[in-house]
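Per-entry structural report
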Amino acid sequence: MSSFVPGHFDDYPPPWGEELSHSERHQDLGQTNLVISEMLQVAVNTIMATFYFVITLLFCFAADTVPDPLDDTLPALGGEPNHPEHPQDPQDSQEIHLSKVQQVVITAICAADLTLGLRRIPAGFHVVVKTDGGECQTSNKPVHVDQAVVEWNERIPLPCEPSSKVRVSVYASFELGPMLCHGEVLRTLEISVGELLDRSEKSHPIAFQPKQGEVVSPCTSMLMTVEQRHDDENNAAVLCPLATLTSGDEDALILRTDAGHRLLARYRRTENSRDLDQSINHFERALDICPTDHPCRPAAFFNLATAKFVSCQTNGTHPDLDIPITLFQDTLDLRPTGHPDRPITQFHRAIALLSRFAKRGFQTDADAAEELLSEVLDVCHANSHIHKVALLAIEASALHPAGSTDANDVGQERPAASMLPLSPNQLCLLGERCLQRDDPHALDEVISLHYDALRYYNTTHTHRRQLLGNLSAMLTTRFERQGNGQDLDQAIALQMEVLASHPAGHPDRSLSLTNLGYHLSIRFDHRGNIEDLDQAMALHREALALHPVGHPDRYKSLINLAKQLSTRFDHQGNDKDLDQATALYGEALALCPVGHTDRSKSLGSLATQLSTRFEHRGNDEDLDQAIALQREALALLPVGHPDRSLTLNNLANRLSTRFHHRGNREDLDKAIALHREALALRPVGHPDRSSSLNNLAKEFSTRFDRRGNDEDLDQAMALHREALALRPEGHPDRSSSLNNLAGELSTRFARRGNDEDLDEAMALQREALALCPVGHTDRSSSLNHLANHLSTRFKHRGNDKDLDEAMALHREALASCPVGHTRRSSSLNYLATQLSIRFEHRGNNEDLDEAIALHRETLALCPPGHTNRSSSLHNLATQLAIRFKHRGNREDLNESLENIHCALTLLTQHDSHRLQVHKSLAGVYLLSHQSGRDGTGPGENSDADSLDAAMHHLQAAANVVSGGLLSRLRASLRWVRDADQHTHGTQLEAYATSMQLLDTYMSATASISSRHDTMKAFPLNLAVDAASCALRSRDVCHAVELLEQGRTVIWTQMARLRTPLDGLQTRGDHAVTLMKRFRDLSSLLEKPPTSHTDGTPRVNVEAEETRHRRLVEDWNRVVEEIRKIEGFSRFLLPPLFSDLQDAAREGPIIMLVASKSSCDAIIIPHKHSPTSIQLPTSLEKLQTLVAKLQCASEPALKKALMELWDDVVRPVVENLGGFAQPGSRIWWCPTSVFNSLPLHAAGEYSRKNGQFLSWLYISSYTPSLTALIKSRKSLDRSLPVPFAAIGQNLPDGYSHPLEAVEGELDSVQSLIPPLPTVSFTKITSVDATKSRALRALQDNTWLHFACHGIQNYEEPFKSAFLMRDHPLSLLDIMQMDLSRHEFAFLSACETAVGDPGTPDEVIHLAAGLQFAGVQSVVGTLWEVDDGTVGRFVKAFYKNLCGDGTMDSTQAAKALHRAVQSLTRDKDIPLEQRIVFVHIGI
């Protein structure tokens, strides 16, 4: 047996392994440990070179597979057809003409990689070709170990018809003499004669993919040379079809044997004992029916002996070994010396004898086996498979005495009397057990036993190198688990001794070079000593030089060296290293052509390197190529392939990178989908499930950062919690999961302010730190994470102890990362940040100076070309700006500007970090402006220049598309704040940008209620402040435009979906197509999103959200196309004042603006320029006035209404004279706090001969100018007018009925005209259900509601009319098309009261009806009294319908007269006389 070298050092660490987030917060060290564990397992499989495993592995040349279906009874010609690649169009084969051809003949067949993945030692291989004319079989050819291609040159006739089908099967046989059956089928395909001819002419082989569930399968490709024979050609000999057996016994014999082989082959893949039992049964029956003089009887004996021996090995029934040994002897008796199959029979009997010797210790068995194996070696070619395994068996038997080879027994007993150490292979088995479980004591014991053995075997002993390799592997494992650097140093010293024993020219030198290089690489990762990395690279270069072009191990050496170059680039930023690593990965890929088993891995490696180069240089082509390579790698791994989940993960990471670079939502959504698929391939119980949970959580966290959807944050939390649950105490990756979950809790705390989240995050971080004792490779990261959370808690609670502890932890982290350590730069940055925080808290200049010094050291570790140089420059610049702010040193300001400009230039155009750098630049320029000092940037020579530069960079930040909508919106709001504060000329542009981004951000939200919640997260008075800014600039028209653009955003977005497009019908076919597409998409978007219960799978919710976003994107594209059509350039763009002025066609509109800077009224006439009036009040006074009105007695109410007259209404009335005659109509369009004031009721109540607005004008309200314009549309009316009166006196949940409802509806019916003018429907009591009310809403254009009404202030879209069973909500009404409706009277409480939290959205029942299409609505501002409302309703309908007509445009006048008629009734309180308002035309 050859000496052992640990397998995970023999091979390179897989660079295509799953990659993790670069963010420390989402770092998943567990994935790295997983890869190491996999490599150690490879080591175990390599070092378990014991006799027991030799016996087992002799017949297993490939990895495990999944079960495949197989019937109990099998036909002789078995094998499921494979599906080779067919790049040729089947139509092409029909172009071949064979009219003058007498015969088509296969002249040669070449098959590649026939032994790849075989699980038995083959005697030979042959091909069977079946056509309608019969079956032909080639000769049975043996194959040597290094023979990649087998070629048969027999001529096989084929049919002349191109469409004729040919069935070709490749078999492995297990006898060279008379064959009992075909053997084990490797590949079967059906192909037409025409396609065979075409492929032959083009020398185009048929490539086969691995069978389902297998990594590799025998026979990777086949090429058949086919000739056409004509009349004038000489006939050469061809194979004749096989004669059909006529004997029933012989048929049965072949069928039984074939069935036995197939079941045995399947058992070796699936380990299903039933298959093995059935295989034995078939072989026994075959032997029974095979005559004693039959030439195939030896094969029948041999087959049964083989299956019986496998059964003994599987079941552990060692006494039964006598049976297969006897059967093998019977076979030998029938295969005398010179028989071609005698060597393989001798070998199998020898193995059976050695197996019995190992258990019983009969020396005669060992001697007999040795004699048999020696004879095999004498007669067999040295390069044959049988020679190789025979030699291996002899070596194994020499190393293992009887009774020492059972894996379960190794190490269990060690005789006390024996002073000899355990053998290297026994130690190997003990080592394997240590690698499979985390038992520190057991690992220490194994290492001690290795040292004992080394002291016994001197430097010249053949076993010493094996022991050195084993001990190195154990020490490395202990280092990885316990973090003791001495173990790693000792492992390297041992590897150096191994290398010294392999001088130049030694066949194992390249292996030793690789192992030592790998260990040095580990030490570099741990300590950051560049000398280790350089030495590792030198070793890998030497190893590569020993593997020239054509060497089978060159591929591995290329990968090893490329990985080290990539690591050095990450550390030093040398472009040459990056390019050379990329070139090496490219060469490695070239060694893996299409069909190569490692191609998908090599594709992944190159993709990773290209992605790294992209991150360094920002070349989009690198990233796109990386994604293309990763997609190709994934395509090579179909569903069911064991590596598919890993490749899904890597492709998701590439797409995530592109999302961060370009901001394309689809990339992020696709990355999440791929991570979901990867997670689905790792169900509960899968060892890698926790890693997939972490990766998916990271993307959800990213999406939350960009879109601000709390559900993404919650989902990330849930995934991290599940990952943590899969990593209990003792799990090597628990620390990383604790860090990840703590990071999400910290994010949620920042979002929602729940102290419990912060406390839990702290507890998790402390537990994570406890799992990383001093010396642990991850201790510095864990220290920094805990310190960051302490810093957060300090900012929240102000406890100095937290600040001091955070500082101490950061200093300890830095101390554990000495000069040269890979994590030193991040630790320097963390400590610097913490010092800056302490400076801001305590004002100690030393802290700020030290922070700057640390940032300078960090920058020195990021030389030009380093991936982190831009961020390091940015961090240093920020601290220099802070010092300038406190000390005024111009040099600090100049250096800050210079560094931050450099940071910006290092970022590519689409880098999302540009947004933050632009914001920081703006802050520095503002400092320059405020201090009266100038920056040093080009063109800045004055304070004004500094201010202009600041505004320029805020504008640029708001336009960084890749930064995400949410971040851009926040940047634009900062622009608004600073431009407003400094009265900069970009104020209005800043406001317009913010409102546009807010509109776009909200349009991507599917749920109406979610849009409302989103509005609350941003400044409530954005549009009002923008208008106030425009008024200060005396641009009244623009002020009106801004108000219309930035208010009622939710209603406006809904209205867009109902925009008529009749004008497009005459603009050509393309326009008509766009019109239809617009309507279809609008219809889909208008449908309410699916309501999901709490138990709905998150994937379903996400699918709905993704669907909505894509619909919005499609809708936006159609809108852009429509704008390209002549006459539609402003389609759905914010309206211009010239369009809005049409709202004043029937009377002037007064827009009231209440901002922090001033309160103004804008009078908009129909044909004249608008007029603005600054009102003698303020926002604070108006808010106080609203409070007075809410809880006022009648005297107090009158006083408040007088104040309203004096401060707001009277100044407007004084300027209305030129636009409205007394007694005419006016419309109020209030904003902000004005929405809560009863403007129509203002007057001088306590003054003699005082004035009242209601005596001067007829007041109506409108939530927006656009809504009023749409209400003025003409309607086609036909008699009778459908009128529905809906009353509900006792809704669900109420115990006291509304006594006046029935009488009110009867009164309405008596006052409106009868048929044929009006068709009246009354719905009351038990009939007034939600569904019935909805039908009435749909079917009737005039409506009267008499019921309870509620305004839901928490969720205003749930404001509702209360019906008998369920509420009829505002959300229900919004989803209806009421565009043909004329009038609605809402005799219910609070139907015209909006949400104080978002007053400019005007969310109430009356406005909802108007936005849904109702032209004219009467609603209420607060609760109404039953007695009052009945008298009021009578007065209203008398005034409205007294002349026998139904005209909704007269509703405002009817309401006005009704109020006037009740004014003299002293029994009706003032608050009830003014409760009703009119909205609309």
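Note that the structure is a prediction, hence the values are computed from the model and not measured.

The next point concerns the environment of Lys1273. Of note, Lys1273 is situated in the loop between α48 (1265–1271) and β15 (1281–1287). In this structure Lys1273 comes out as partly exposed when scored by relative accessible area, which is 31%. Remark: the alpha-carbon pair of Lys1273 and Arg1380, spanning 107 residues in sequence, is separated by 9.6 Å. Once residues lying within four places of it in the same chain are set aside, the contact partners of Lys1273 are Ser1379, Gly1413 and Gln1415. A distance of 3.4 Å separates the side chain of Lys1273 from the backbone oxygen of Ser1379, its partner in a polar contact.

With that out of the way, let us pick up helix α31 (residues 845–860). Every α-helix carries 3.6 residues per turn, so stepping three or four residues along brings you back to the same face. Here α31 contains 16 residues, and its C-alpha end-to-end distance of 23 Å stays within 8% of the 22 Å for a straight helix at 1.5 Å per residue. Buried within α31 are the following residues: Asp847, Leu848, Ala851, Ile852, Leu854, His855, Thr858 and Leu859. Relative to the axis of α31, the buried residues are bounded by an arc of 160° and lie together on one face. Counted as exposed and oriented over 90 degrees from the buried face of α31: Glu846 and Ala860. At its buried positions, α31 is contacted by α29 (800–815), α30 (824–842) and α32 (869–887). The backbone nitrogen of Glu846 has a side-chain oxygen 2.9 Å away, supplied by the residue at the start of α31, namely Asn844.

Right, let's talk about the side chain of Thr331 for a bit. Positionally, Thr331 belongs in helix α8 (residues 322–334). Residue classification places Thr331 among the buried positions, given a relative accessible area of 0%. Separated by 2.9 Å, the side chain of Thr331 and the backbone oxygen of Leu327 make a polar contact.

Once that is clear, we can look at helix α50 (residues 1330–1339). Of all the positions in α50, only Ala1333, Ala1336 and Leu1337 are classed as buried. Taken around the axis of α50, the buried residues stretch over an arc of 105°, which confines them to a single face. Summarising the contacts, the buried residues of α50 are in contact with β15, β16 (1318–1323), β17 (1342–1346), β20 (1367–1369), α51 (1370–1374) and α52 (1405–1412).

Attention now goes to the packing of α29 against α30. Taken N-terminus to C-terminus, the directions of α29 and α30 make an angle of 155°; their axes are 9 Å apart at the nearest point. By the criterion of interaxial angle, the relationship of α29 to α30 is roughly antiparallel. Regarding α29 and α30, the two cross each other, and that crossing is left-handed. Across the interface between the two elements, Asp800, Leu803, Asp804, Ala806, Met807, His810, Arg811, Ala813 and Leu814 from α29 touch Arg824, Ser827, Leu828, Tyr830, Leu831, Gln834, Leu835, Ile837, Arg838, His841 and Arg842 from α30.

This next bit is on the sheet that holds strand β3 (residues 134–137). Sheet strands associate in pairs through backbone hydrogen bonding, adopting either a parallel or an antiparallel arrangement. Ordered in space as β3-β2-β6-β7, the four strands form an open sheet in which the pairing is antiparallel. Each having just a single partner strand, β3 and β7 (184–192) make up the two edges of the open sheet. For this sheet the average axis-to-axis angle between neighbouring strands, irrespective of direction, equals 20°. Strand direction decides the pairing type here: strand β2 (residues 124–131) and β3, joined by four bridges, are antiparallel. Residue Thr131 lies in a different strand from β3, and its bridge partner there is Gly134. Most of the contacts of helix α4 (residues 193–202) go to β7, to which it runs at about 100°, and overall it touches β6 (165–173) and β7.

Turning our eyes to something else, we now look at the packing of aromatic side chains. Under the defined criterion, the tally for this structure stands at 17 aromatic pairs. Measuring from ring centre to ring centre gives 6.4 Å for Phe1128 and Phe1131, while their planes differ by 65°; the resulting arrangement is edge-to-face. There is no split in this pair, since Phe1128 and Phe1131 are both buried. Taking the centre distance of 5.3 Å and the plane angle of 45° together, the rings of Trp1342 and Phe1383 count as tilted. Pair noted here: Trp1342 is in strand β17 and Phe1383 is in strand β21 (residues 1383–1387), with a separation of 41 residues, a long-range link. With a relative accessible area of 0%, Phe1383 lands in the buried category. The rings of Phe1283, Phe1320, Trp1342, Phe1383, Phe1385, Phe1432, Phe1436, Tyr1437 and Phe1476 are connected pair by pair, giving a single aromatic cluster. When the ring centre of Phe302 is taken as origin, the NZ or CZ atom of Arg335, which lies over that ring, is 5.4 Å away. Lying over the aromatic face of Trp1227, Arg1272 brings its terminal NZ or CZ to 4.8 Å of the ring centre.

We now examine the nonpolar core. Core analysis: the biggest nonpolar cluster contains 134 residues, and Ile1149, Ile1162, Val1209, Trp1228 and Phe1361 have the highest contact counts within it. The element that contributes the greatest number of residues to this core is helix α46 (residues 1194–1214), accounting for nine residues. In contact with Ile1149, not counting residues within four places along its chain, are Ala1143, Ala1144, Ile1162, Ile1163, Ile1164, Trp1227, Cys1229, Leu1265 and Leu1268. Formed by 44 residues, the second largest nonpolar core is a distinct cluster that contains Ala286, Phe301, Leu354 and Leu372.

For the rest of this paragraph, the subject is the pattern of salt bridges. If you walk through the whole model with that rule in mind, you get 65 salt bridges. The partner of Arg523 in a salt bridge is Asp532, and the shortest N-O contact between them spans 2.8 Å. Measuring nitrogen to oxygen at the nearest pair gives 2.9 Å for the salt bridge that ties Asp759 to Arg797. One end of the pair, Asp759, is in helix α27 (residues 755–770); the other, Arg797, is in helix α28 (residues 779–797), with 38 residues separating them in the sequence. If you follow the salt bridges from partner to partner, you end up with Asp489, Arg523, Arg527 and Asp532 in one network.

About the thresholds
- Residues numbered from 1 in each chain as written.
- Predicted model: local features only at pLDDT ≥ 70, side-chain atom pairs only at ≥ 80, totals over all residues.
- Heavy atoms only, no water.
- Helix = DSSP H or I, 4+ residues; strand = E, 2+ residues; numbered from the N terminus.
- Buried < 20%, exposed > 50% of the residue type's maximum accessible area, 1.4 Å probe, protein only.
- Contact = heavy atoms within 4.5 Å.
- Polar contact = N/O pair within 3.5 Å; in protein donor to acceptor, adjacent residues only side chain to side chain.
- Expected span 1.5 Å × (residues − 1).
- Arc of directions from axis to C-beta.
- Axes fitted to C-alpha atoms, helices over the stretch in contact; angles between N-to-C directions.
- Parallel < 35°, antiparallel > 145°, perpendicular 65-115°, else oblique.
- Left-handed = near helix turned anticlockwise from the far one by under 90°.
- Pairing = 2+ DSSP bridges.
- Phe/Tyr/Trp six-rings, centres within 6.5 Å; stacked < 30°, edge-to-face > 60°.
- Lys NZ or Arg CZ within 6 Å of the ring centre and 35° of its normal.
- Core = buried A, V, L, I, M, F, W, Y, C linked by side-chain atoms within 4.5 Å.
- Salt bridge = Lys/Arg side-chain N within 4 Å of Asp/Glu carboxyl O.

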